[in-house]
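One-letter residues, chain by chain:
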Amino acid sequence: MIRKRVEKAQKLQWKRYAEETFCHNSDLTPQKIKQYCRMSQEASDFLKCIFQKMEFSARAYHKILKVGRTIADLADSDRIEKEHISEAVFYRSIDRRYWGEGGRS
């Protein structure tokens, strides 16, 4: 079940990035994030609020968007929704707790 969802998400990414020099969400540059990480207004507002509250760096912001794009792909969603951002932030919080504040951003 999970494997099929992952394979489907990979195929979506390969198709989405067919004209690019990369094929995965993790390879998105800040410029490409703007192009490919379309969010609902609710998701955008939520991410802005979280970004300010948690004092994330621009790098962390971009990582959250990439993970949110992947979560949306797994959910077969063209747009990144609030729940996708919420899940990505949750993973980010776990990452910070595990690696510590001075660790990876």
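All figures in this text were calculated on a predicted structure; none of them were measured in a lab. (Residues numbered from 1 in each chain as written. Predicted model: local features only at pLDDT ≥ 70, side-chain atom pairs only at ≥ 80, totals over all residues. Heavy atoms only, no water.)

1. Quick look at helix α3 (residues 41–54)
- For α3, built from 14 residues, the straight-helix expectation of 20 Å at 1.5 Å per residue is met to within 8% by its first-to-last C-alpha distance of 20 Å.
- The set of residues buried in α3 consists of A43, S44, L47 and I50. Relative to the axis of α3, the buried residues are bounded by an arc of 130° and lie together on one face. Those residues of α3 that are exposed and aimed more than 90 degrees away from the buried face are Q41, Q52 and K53.
- E55, located one to two residues past α3, shows a positive phi value of around 50°. (Helix = DSSP H or I, 4+ residues; strand = E, 2+ residues; numbered from the N terminus. Expected span 1.5 Å × (residues − 1). Buried < 20%, exposed > 50% of the residue type's maximum accessible area, 1.4 Å probe, protein only. Arc of directions from axis to C-beta.)

2. Here we look at a nonpolar patch on the surface
- Where nonpolar side chains cluster on the molecular surface, the patch consists of V67, F90 and Y91 and spans about 280 Å² of accessible area.
- One can find V67 in helix α4 (residues 58–74).
- V67 sits in the partly exposed class, given a relative accessible area of 34%. (Patch = residues over 30% accessible without salt bridge, like charges linked within 9 Å, V, L, I, M, F, W, Y side chains within 5 Å. Areas by Shrake-Rupley, 256 points an atom, 1.4 Å probe, with all protein chains shown as cover. Salt bridge = Lys/Arg side-chain N within 4 Å of Asp/Glu carboxyl O.)

3. Concerning the nonpolar core
- Counting residues in each nonpolar core, the largest one holds 19 residues, and the members touching the most others are L28, C37, I64, L65 and I85.
- Element by element, the count of residues in this core is highest for α4, at five residues. (Core = buried A, V, L, I, M, F, W, Y, C linked by side-chain atoms within 4.5 Å.)

4. With respect to the pattern of salt bridges
- A full pass over the atoms with the stated rule returns six salt bridges.
- With a shortest N-O distance of 3.4 Å, K8 and D76 are connected by a salt bridge. Pair noted here: K8 is in helix α1 (residues 2–16) and D76 is in the loop between α4 and α5 (82–99), with a separation of 68 residues, a long-range link.
- Overall, the relative accessible area of 45% leaves K8 in the partly exposed class.
- Here D76 falls in the partly exposed class, since its relative accessible area comes to 45%.
- Note that E81 is salt-bridged to R79, the shortest N-O span being 3.1 Å.
- Using a relative accessible area of 18% as the deciding quantity, one classes E81 as buried.
- Within the structure, one salt-bridge network assembled from shared partners comprises R16, R69 and D73.

5. Concerning unusual backbone geometry
- At E55, a position not held by glycine, the phi torsion is positive, near 50°.
- With respect to the element layout, E55 can be found in the loop between α3 and α4.
- Phi is positive for D76, close to 60°, though the residue is something other than glycine.

6. Comments concerning the packing of aromatic side chains
- Inspection of every chain in the model, using the stated rule, returns four aromatic pairs.
- A centroid spacing of 5.0 Å and a plane angle of 50° characterise the contact between Y17 and F22, whose relative ring orientation is tilted.
- Here F51 and Y61 contribute two aromatic rings whose centre-to-centre distance is 5.1 Å and whose plane-to-plane angle is 75°, an arrangement assigned as edge-to-face. With F51 in helix α3 and Y61 in helix α4, the pair connects residues that are ten residues apart, well separated along the chain.
- We classify F51 as partly exposed; its relative accessible area is 26%.
- An aromatic cluster is built from Y17, F22 and Y36, whose rings are joined through pairwise contacts. (Phe/Tyr/Trp six-rings, centres within 6.5 Å; stacked < 30°, edge-to-face > 60°.)

Purely spatial values, then, with no claim about function.
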